[in-house]
Amino acid sequence: MRKFVTIMSLVLLSVALLFPIAEAAPKVSVGAKNFTEQYVVGNLISLLLKANGFDVKEVFGVGSTIAREGLKTGQTDLYAEYTGTAWLNYLNHDEQITEPVELYQKVKQEDLEKNKIVWLDRFPLNNTYALAIKKEDVSTYGTSISQLAEYVNAHPGEVKFGSNHEFFERPDGFFGMTKAYGMNVSDNVVAIMDTGLTYESVANGQINIAMVFATDGKLKKFGLQVMEDDKNFFPVYNLCVTIRQEILDQYPDIQTILQPLAELLDNETIQGLNYRVDAEEIPAKIVAKEFLEKHNLLK
C-alpha cells in the first residue's frame, strides 16, 4: 500500500510538472454612472483590463453618489470620476477653481490623504456646463459668452434661454453666469426643461440659447456650436480614473494599461463616441471596442 501511495505521488508530481495549474486571473470591479459618457468610458476601462488578463466585474448604471460610495466602501475597485464633482460634492469645497491642473492636483492630494483613493492621469475632456447655439446663429450672437452678453444687453428681452432646473437654481448656475458676464437677463426669458430637451429646443428655434454639457453627443446630432467661456466661469470637470489605493498597490500595471485613455479622450473624441451611442443607437460596449481596436489597444 505504501509503495502504491509513493508511486501515485510521483505520478501526480509528474503531471503537475507537465501541466502546471494556471494562476487565477486577477479580479477587479469597474463602476460607471448612469449616462452615456460613463457607459462608454466604463466599457473602455473594462475592455482594456480584460485584454490584459483581468477578470472584470462591471457595476454600471448607478447614480453619482452610489458610484462614489461603492468606491469608498470597497464594493467597486475603480471608476471614472470628474474633478469638479469631487471637489464640490465629495470633498465639500465652496471655492471654485477654474485652472484644470491646479484643481486636479488638489483633488488628487486630498482624496488620497482622506480616503485612500488614487486619481490616475487626467483626461483632456472637460464635461462642464456650457451654452450652445445653432451654428448659423454665430453671426448674430458671436462665438463667446462675452459677445452674447453684448447682444443680450443691446436687445432686452429678445433672447430666449433654456436651462435645466438645477443649473437655473444653483447660485453658481444661470444667474451666477449672467452676473459674471454682466448680462442683463430676467427669469421670464428662461424656459426650464429637462437637460435632454434643451438641445432639441434650440435646434428647433423654440429657444435661442441652450444650457448643455460640453461633451454631449447631442451637440453633434443637432449641429450646435458651444460658446467659448472666455471668462472661465464654469467649473472644470476633467475625467480621471479613480481607484482604491490598495487595489493599485496590488495591481500597479493598471495605471499603465489605462494611461492611453488619458491621451486619447478629448472633448471632440468623446463627443463623437457619445454621438454614436445616442444618435446612431450603437451599444456603448461596441462603440468602446471599435475605438480601442482602431487604436490597436486590444490584444
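> Explain the packing of aromatic side chains to me, please; I cannot follow it from the model alone.
Both the distance between ring centres and the angle between the ring planes are used here to describe each pair of aromatic rings. Tallied over the full model, the rule gives 11 aromatic pairs. Relative to Tyr 82, the ring of Phe 35 has its centre 6.4 Å away and its plane inclined at 25 degrees; by these criteria the two rings are stacked. Of the two residues, Phe 35 is situated in the loop between β1 (27-33) and α2 (36-51) and Tyr 82 in strand β3 (residues 78-82); the sequence distance between them amounts to 47 residues. By relative accessible area, which is 33% here, Phe 35 ends up partly exposed. Accessibility expressed as a relative area gives 4% for Tyr 82, which makes it buried. Aromatic side chains Tyr 141 and Tyr 151 sit 5.1 Å apart centroid to centroid with 90 degrees between the ring planes, which places their arrangement in the edge-to-face category. With Tyr 141 in helix α6 (residues 138-141) and Tyr 151 in helix α7 (residues 145-154), this pair connects stretches of sequence that are 10 residues apart. Of the two residues, Tyr 141 and Tyr 151, neither departs from the other in class, the shared state being buried. Each residue in the set Tyr 129, Phe 167, Phe 213, Phe 233 and Phe 234 is aromatic and connected to the rest through ring pairs, giving one cluster. Directly above the ring of Tyr 199 sits Lys 218, whose terminal nitrogen or CZ lies 5.6 Å from the centroid.

> Even after reading the chapter, I still don't get helix α15 (residues 284-294), so can you show me in this structure?
Because each turn of an α-helix spans 3.6 residues, side chains separated by three or four positions end up pointing in the same direction. Listed as buried for α15 are Ala 284, Val 287, Ala 288, Phe 291 and Leu 292. Each buried residue of α15 lies within a common arc of 130 degrees when the element is viewed along its axis, so the set occupies one face. Elements in contact with the buried residues of α15: α2, α13 (253-264) and α14 (267-278). Positive backbone phi, at 55 degrees, marks Asn 296, one or two positions downstream of α15.

> Could you clarify how one ought to interpret the environment of Ala 214 in this entry?
In this fold, Ala 214 is placed in the loop between β8 (209-213) and α11 (218-221). Looking at Ala 214, the relative accessible area reads 9%, which means it is buried. Along the primary structure Ala 214 and Thr 128 are separated by 86 residues, whereas in three dimensions their C-alpha atoms are 5.6 Å apart.

> Honestly, the pairing of β8 in this entry has me stumped. Any pointers?
Successive residues of a regular strand alternate their side chains across the two faces of the sheet. Among the 5 residues that make up β8, 4 are buried, leaving the element largely enclosed by the rest of the structure. Pairing analysis gives 4 bridges linking strand β5 (residues 129-134) to β8, with the strands arranged antiparallel. Across the sheet, the residue bridging to Tyr 129 is Phe 213, located in β8. Across 2 bridges, the pairing between strand β6 (residues 161-163) and β8 is parallel. From the neighbouring strand, Phe 161 faces β8, where its bridge partner is Ile 209.

What counts, and at which threshold
Residue numbers restart at each chain and count upward from 1, following the sequence in its written direction. Confidence filtering applies because this is a predicted model: local features only for residues at pLDDT of at least 70, side-chain atom pairs given and counted only at 80 or more, and all residues used for totals across whole chains, interfaces and linings. By convention in this description, side-chain values take in all heavy atoms of the structure and omit both hydrogens and water. Paired rings are identified among Phe, Tyr and Trp, the last through its six-membered ring, by centres lying within 6.5 Å, and are further divided according to the angle between planes into stacked (under 30 degrees), edge-to-face (over 60) and tilted (the rest). Each helix corresponds to a stretch of at least 4 residues labelled H or I by DSSP, and each strand to a stretch of at least 2 residues labelled E; elements are numbered beginning at the N terminus. For every residue, the accessible area (1.4 Å probe, protein chains only) is compared with the maximum for its type, and the residue is labelled buried under 20%, exposed over 50%, or partly exposed between those bounds. Look at NZ for Lys and CZ for Arg. If either is within 6 Å of the ring centre and within 35 degrees of the ring normal, a charge sits over the ring. In this description, one arc is meant: the one made by directions from the helix axis to the C-beta atoms. The contact definition used throughout considers only heavy atoms, calling two residues in contact when any of these lie within 4.5 Å. Any two strands are treated as partners once DSSP identifies two or more bridges connecting them.

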